Amino acid sequence: MSSNNRMFDIRKPLSKKHKHRLIVLSFIIPLLLWFAVSNLPFLWHPMVKITDTGSVAYFKKEMLIKKEVFKIENERMKSRGLKLAQGEPSNPIYLPAPQDVVTSLYKAFTTPPRRTGEPWLHESLFHSIKIIFWGFFLSSMIGVPLGILCGTFSFFKHLTEPFIEFFRYLPAPVFGALAVAILGINDGPKIAIIIIGTFFQQVLVISNTTRNIDVSLIEAAQTLGAKRWATLRTIIIPGILPYIYKDMRILLGWAWTYLVVAEVIGTSTGITWFINQQAKYRNFEYVYASILIIGIVGLLSDQILAYLGNKLFYWQHLQQDKKENERTTTTKLQRAKSKS
């Protein structure tokens, strides 16, 4: 069987070379599609950018006109014997080319804001990161311990999880007005929305992870005379810590999804304000650049956390490598046996 066919084996690990290639392709393919749609007229260019207004009174240079309107106006000018307008195929203003977005991403960090006193992109981004940090930190301070208790003791599970199951279906943004009334119009209600949006999911996810610990480890500790809290402290928490760390990485993404909603509550601030402001100016290349920078910051932070996780919980990584090597050895032996 060729190596390409083995890439599609069910639940079989890929080689590092194939993994790296696919990771690069996962970014290159969308970028190539975006570049093609933005720069190749035969794919999708529903507008015409005016290069010569001709005799059409309301046309202006660099103006974007729908192809149908451009055609109708030129036919009207032709029937009157007047000068025809000239233009080139173009996409709508809300779909800038990727090269323009990259240029705008650089300019956003180097060009002063249009109005004096308006925050730069990096200032808006830093403000949003602070909102995310405090919201997720405060949520985790209560959510993680409560989740562990719910996953360990039936008492806490039945005392809290029924209400949490009910409350998690309530959309966090509906509490915006209450958050403003209680906490004011500045950052308080924004942090509160992040907390509401992540806390209840956090408790349920952590409690489910805690329940997945190997029961035999708990039974062994109890057989040796370990008390409840000693078992929790020495067996359960160390056993689930690597998995909780992974859960927290995923849950941090939830906090980012609530950011846009949170930042329009009270006074509009942060990266959301910057995006809305650039949209008002019709600088859509800056809008795309701001959205991309959110993704870049999120991806970088996740990769940093993954790297730290591999260092902190190195034994788990070694166990995974051992299992993968065992599977690879078994597969090779099976192939050799089938050939013989």
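Our subject is the structure that appears above.
Colleague: Now, about the overall build of the chain: what can you tell me, with residues and values included?
Modeller: Scanning the chain from terminus to terminus reveals 14 helices and three strands. The C-alpha radius of gyration computed for the chain amounts to 28 Å, which surpasses the reference 20 Å derived for 340 residues by more than 25%, pointing to a less compact arrangement than a globule. Projected onto its principal axes, the C-alpha positions of the chain cover 100 × 75 × 35 Å. When the 340 residues of the chain are sorted by exposure, 35% land in the buried category. Expressed as a percentage of contacts within the chain between residues at least 6 apart in sequence, the contacts between residues at least 24 apart total 70%. The average position of the 40 basic charges and that of the 22 acidic charges among the side chains of the chain differ by 5 Å.

Colleague: Let's hear about unusual backbone geometry: which residues, and what values?
Modeller: Note on backbone geometry: most residues besides glycine have negative phi, and most peptide bonds are trans. A positive phi angle, close to 70°, is found at Glu 62, a residue other than glycine. Mapped onto the elements of the fold, Glu 62 is located in the loop between strand 1 (47-52) and strand 2 (64-66). In this model, Arg 282 sits at a positive phi of 65°, which is unusual for a non-glycine residue. Considering the arrangement of structural elements, one finds Arg 282 in the loop between helix 12 (270-280) and helix 13 (284-312).

Colleague: Any details on the side chain of Gln 278? Residues and values, ideally.
Modeller: With respect to the helices, strands and loops of the structure, Gln 278 is situated in helix 12. Residue class for Gln 278 comes out buried when judged on its relative accessible area of 10%. The residues contacting Gln 278, other than those within four sequence positions of it, are Asn 283, Tyr 286 and Val 287.

Colleague: Report on the environment of Glu 68, specifying residues and quantitative values.
Modeller: You can see Glu 68 is positioned in helix 3 (residues 67-79). Glu 68 sits in the exposed class, given a relative accessible area of 54%. Between the alpha carbons of Glu 68 and Pro 162 there is a distance of 58 Å; along the sequence they are 94 residues apart.

Colleague: How would you sum up the side chain of Lys 190? Please name residues and give values.
Modeller: Relative to the helices and strands, Lys 190 resides in helix 8 (residues 188-211). No salt bridge is formed by the buried Lys 190, whose closest oppositely charged neighbour, Asp 187, lies at an N-O distance of 5.3 Å.

Colleague: Quick one: what's the story with the sheet that holds strand 2, residue by residue and with numbers?
Modeller: Working definition: the strands of a sheet are paired by backbone hydrogen bonds and lie parallel or antiparallel to each other. Overall, antiparallel pairing links the three strands, which are arranged 2-1-3 in an open sheet. Every other strand in the sheet has two partners, leaving strand 2 and strand 3 (86-90) as the edge strands with one partner each. Averaged over all neighbouring strand pairs, the angle between strand axes comes to 40°, with direction disregarded. Sheet topology places strand 1 next to strand 3; five bridges connect them, and they run antiparallel. Looking at the pairing, Ile 50 lines up with Gly 87 of strand 3.

Colleague: Describe a nonpolar patch on the surface, and please don't skip the residues or the numbers.
Modeller: A cluster of nonpolar side chains, Leu 22, Val 24, Leu 25, Ile 28, Ile 29, Leu 32 and Leu 33, forms an exposed patch at the surface whose accessible area comes to about 620 Å². Positionally, Leu 25 belongs in helix 2 (residues 16-39). Here Leu 25 falls in the partly exposed class, since its relative accessible area comes to 40%.

Colleague: Describe helix 10 (residues 228-257), listing the residues and the values that go with them.
Modeller: With 30 residues, helix 10 extends only 38 Å from end C-alpha to end C-alpha; this falls clearly short of the ideal 44 Å at 1.5 Å per step. In helix 10, a bend of some 50° at Leu 241 exceeds every other bend along the element, and Pro 242, a proline, comes one to four places later.

Colleague: So what's going on with the packing of helix 12 against helix 13? Residues and values would help.
Modeller: It is the contact of helix 12 with helix 13, at a shortest axis distance of 8 Å, that shows an interaxial angle of 160°. Considered as vectors, helix 12 and helix 13 are oriented roughly antiparallel to each other. Along this stretch, helix 12 crosses helix 13, giving a crossing that reads as left-handed. Along its contact with helix 12, which presents Ile 271, Phe 274, Ile 275, Gln 278 and Ala 279, the element helix 13 presents Phe 284, Tyr 286, Val 287, Ser 290, Ile 291, Ile 293 and Ile 294. Tallied by class, the residues present in the contact of helix 12 with helix 13 amount to ten nonpolar, two polar and no charged.

Colleague: Can you tell me about the pattern of salt bridges, naming the residues and giving the values?
Modeller: Scanning the model with the defined rule gives six salt bridges in all. Between Asp 302 and Arg 249 there is a salt bridge, with the nearest N and O atoms lying 3.1 Å from each other. Remark: Arg 249 occurs in helix 10 and Asp 302 occurs in helix 13; sequence separation between them is 53 residues. By relative accessible area, Arg 249 is classed as partly exposed at 25%.

Colleague: I'd love a proper account of helix 12, names of residues and values included.
Modeller: Most of helix 12 sits out of view: eight of its eleven residues are buried. Those residues of helix 12 that fall on the buried side of the exposure criterion are Gly 270, Ile 271, Thr 272, Trp 273, Phe 274, Ile 275, Gln 277 and Gln 278.

Calculation criteria
Residues numbered from 1 in each chain as written. Predicted model: local features only at pLDDT ≥ 70, side-chain atom pairs only at ≥ 80, totals over all residues. Heavy atoms only, no water. Helix = DSSP H or I, 4+ residues; strand = E, 2+ residues; numbered from the N terminus. Rg over C-alpha atoms; globule rule 2.2 N^0.38 Å. Buried < 20%, exposed > 50% of the residue type's maximum accessible area, 1.4 Å probe, protein only. Contact = heavy atoms within 4.5 Å. Lys, Arg positive; Asp, Glu negative; His and termini not counted. Charge placed at Lys NZ, Arg CZ, Asp CG, Glu CD. Salt bridge = Lys/Arg side-chain N within 4 Å of Asp/Glu carboxyl O. Pairing = 2+ DSSP bridges. Axes fitted to C-alpha atoms, helices over the stretch in contact; angles between N-to-C directions. Patch = residues over 30% accessible without salt bridge, like charges linked within 9 Å, V, L, I, M, F, W, Y side chains within 5 Å. Areas by Shrake-Rupley, 256 points an atom, 1.4 Å probe, with all protein chains shown as cover. Expected span 1.5 Å × (residues − 1). Bend = angle between axes of the 7 residues up to and from the residue. Parallel < 35°, antiparallel > 145°, perpendicular 65-115°, else oblique. Left-handed = near helix turned anticlockwise from the far one by under 90°. Nonpolar A, V, L, I, M, F, W, Y, C, P; charged D, E, K, R; others polar.

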